[in-house]
Amino acid sequence: MIDVNAEFKFFPWENDKQPDFVNEDGFEWYIDKDMTKYAREKDERNGNPGLKNVACFFVKKDEMVTRVLIDHKQRILHEDTALDGMATKIDILKFALQ
């Protein structure tokens, strides 16, 4: 049975996950598996291709949290603090690359 009063934990560090990478400035990088999968998959609604060789990360330092989309050369393609902002940008990139 699901406890509806339980605290919802969205971010990886809230679930005691260790960062995938910590850079020299102390920023903690956690792979966002769901958003990375969404970015790489073909959009079945309209046939837009998936974005190849990209990954999405949550980046955290102290209380600051952002999402970053990077390519295989570790270039930042987009950064957003809004939860839905990254999905919107991915949709735009998929549309532009069709």
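Each chain has its residues counted from 1, following the order in which its sequence is written. Predicted model: local features are reported for residues with pLDDT of at least 70 only, side-chain atom pairs are reported and counted for 80 or more only, and whole-chain, interface and lining totals are derived from all residues. The side-chain figures draw on all heavy atoms in the structure; neither hydrogens nor water molecules are used.

K.L.:
So what exactly am I meant to see when it comes to the sheet that holds strand 2 (residues 28-31) here?
P.N.:
Hydrogen bonds between backbone groups are what pair the strands of a sheet, and the pairing can be parallel or antiparallel. The rule for pairing is simple: two strands pair if DSSP sees at least two bridges between them. The helix count covers DSSP runs of H or I at least four residues long, the strand count covers runs of E at least two residues long, and both are numbered beginning at the N terminus. Sheet architecture is open: five strands sit in the order 1-2-3-4-5, paired in antiparallel fashion. Looking at strand neighbours, the two that pair on one side only are strand 1 (21-22) and strand 5 (76-80), the edges of this open sheet. Relative to strand 3 (residues 54-61), strand 2 runs antiparallel, the two being bridged by four bridges. The partner of W29 across the bridge, within strand 3, is V59.

K.L.:
Looking at this structure, I do not really get unusual backbone geometry. What am I missing?
P.N.:
When glycine is set aside, most residues are seen to have a negative phi, and most peptide bonds are trans. For D62, which is not a glycine, the phi torsion comes out positive at approximately 55 degrees. Located in the positive-phi region is Q74, a residue other than glycine, with phi close to 65 degrees. Summarising the element assignment, Q74 is placed in the loop between strand 4 (64-71) and strand 5.

K.L.:
Before we go on, may I ask you to explain the pattern of salt bridges in this structure?
P.N.:
Working definition: two side chains of opposite charge can pair if their charged atoms are close together. Only one rule defines a salt bridge in this text: a Lys or Arg side-chain nitrogen within 4 Å of an Asp or Glu carboxyl oxygen. Across all of its chains, the model carries four salt bridges by this definition. As a salt-bridge pair, R67 and D32 come within 2.8 Å of each other at their nearest N and O atoms. Here R67, found in strand 4, pairs with D32, found in the loop between strand 2 and helix 1 (33-40); they are 35 residues apart in sequence, far enough to count as distant. Residue class for R67 comes out buried when judged on its relative accessible area of 7%. Any residue under 20% of the maximum accessible area for its type is buried, any over 50% is exposed, and the rest in between are partly exposed; the area is computed with a 1.4 Å probe on protein chains only. With relative accessibility at 5%, the residue D32 sits in the buried group. In this structure, D71 and R75 form a salt bridge, with 2.6 Å as the shortest nitrogen-oxygen distance.

K.L.:
Sorry, what's going on with the environment of R67 here?
P.N.:
Linking R67 and V54, residues 13 residues apart in sequence, is a C-alpha distance of 13 Å. Filtering out sequence-adjacent residues up to four positions away, R67 remains in contact with F10, D32, M35, C56, F57, F58, H78, E79, D80, L83 and M86. Pairs of N or O atoms within 3.5 Å make up the polar contacts considered here, provided that, within protein, one atom can donate a hydrogen while the other can accept it, and that residues adjacent in sequence are counted only when both atoms are side-chain atoms. Within the structure, the side chain of R67 is placed 2.8 Å from the side chain of D32, a separation counted as a polar contact. Working rule for contacts: check all heavy atoms of both residues, and any pair within 4.5 Å makes them a contact.

K.L.:
I'm lost on the nonpolar core in this one. Help?
P.N.:
As a rule of thumb, nonpolar side chains are buried together in soluble globular proteins. Counting eight residues, the largest nonpolar core consists of M35, A39, L51, V54, C56, L69, M86 and I90. Elements represented by at least two residues in this core include exactly helix 1, strand 3 and helix 2 (85-96). Think of a nonpolar core as a cluster: buried Ala, Val, Leu, Ile, Met, Phe, Trp, Tyr and Cys residues, connected wherever their side-chain atoms sit within 4.5 Å. With six residues, the next largest nonpolar core counts W29, A55, V59 and V68 among its residues.

K.L.:
How should the packing of helix 1 against helix 2 be read in this particular structure?
P.N.:
A pair of packed helices can be characterised by two numbers: the angle between their axes and the separation between those axes. Contact geometry for helix 1 and helix 2: axes closest at 10 Å, N-to-C directions at 20 degrees. Considering the angle they form, helix 1 stands roughly parallel to helix 2. Considering only the axes of helix 1 and helix 2, their crossing is right-handed. Contact with helix 1, carried on its side by M35, Y38 and A39, involves M86, A87, I90, D91 and K94 of helix 2 and no other residues of that element. Tallied by class, residues from the contact of helix 1 with helix 2 come to six nonpolar, no polar and two charged. Throughout, an axis means a line fitted to C-alpha atoms (over the contacting stretch in the case of helices), and angles, computed between N-to-C directions, take values from 0 to 180 degrees. Orientation labels follow simple angle bins: below 35 degrees gives roughly parallel, above 145 gives roughly antiparallel, 65 to 115 gives roughly perpendicular, and whatever is left gives oblique. Handedness of a crossing is defined here by the sense of rotation of the near helix relative to the far one, left-handed for an anticlockwise turn of less than a right angle and right-handed for a clockwise turn. Side-chain classes are defined by residue name, with Ala, Val, Leu, Ile, Met, Phe, Trp, Tyr, Cys and Pro counting as nonpolar, Asp, Glu, Lys and Arg as charged, and the others, Gly among them, as polar.

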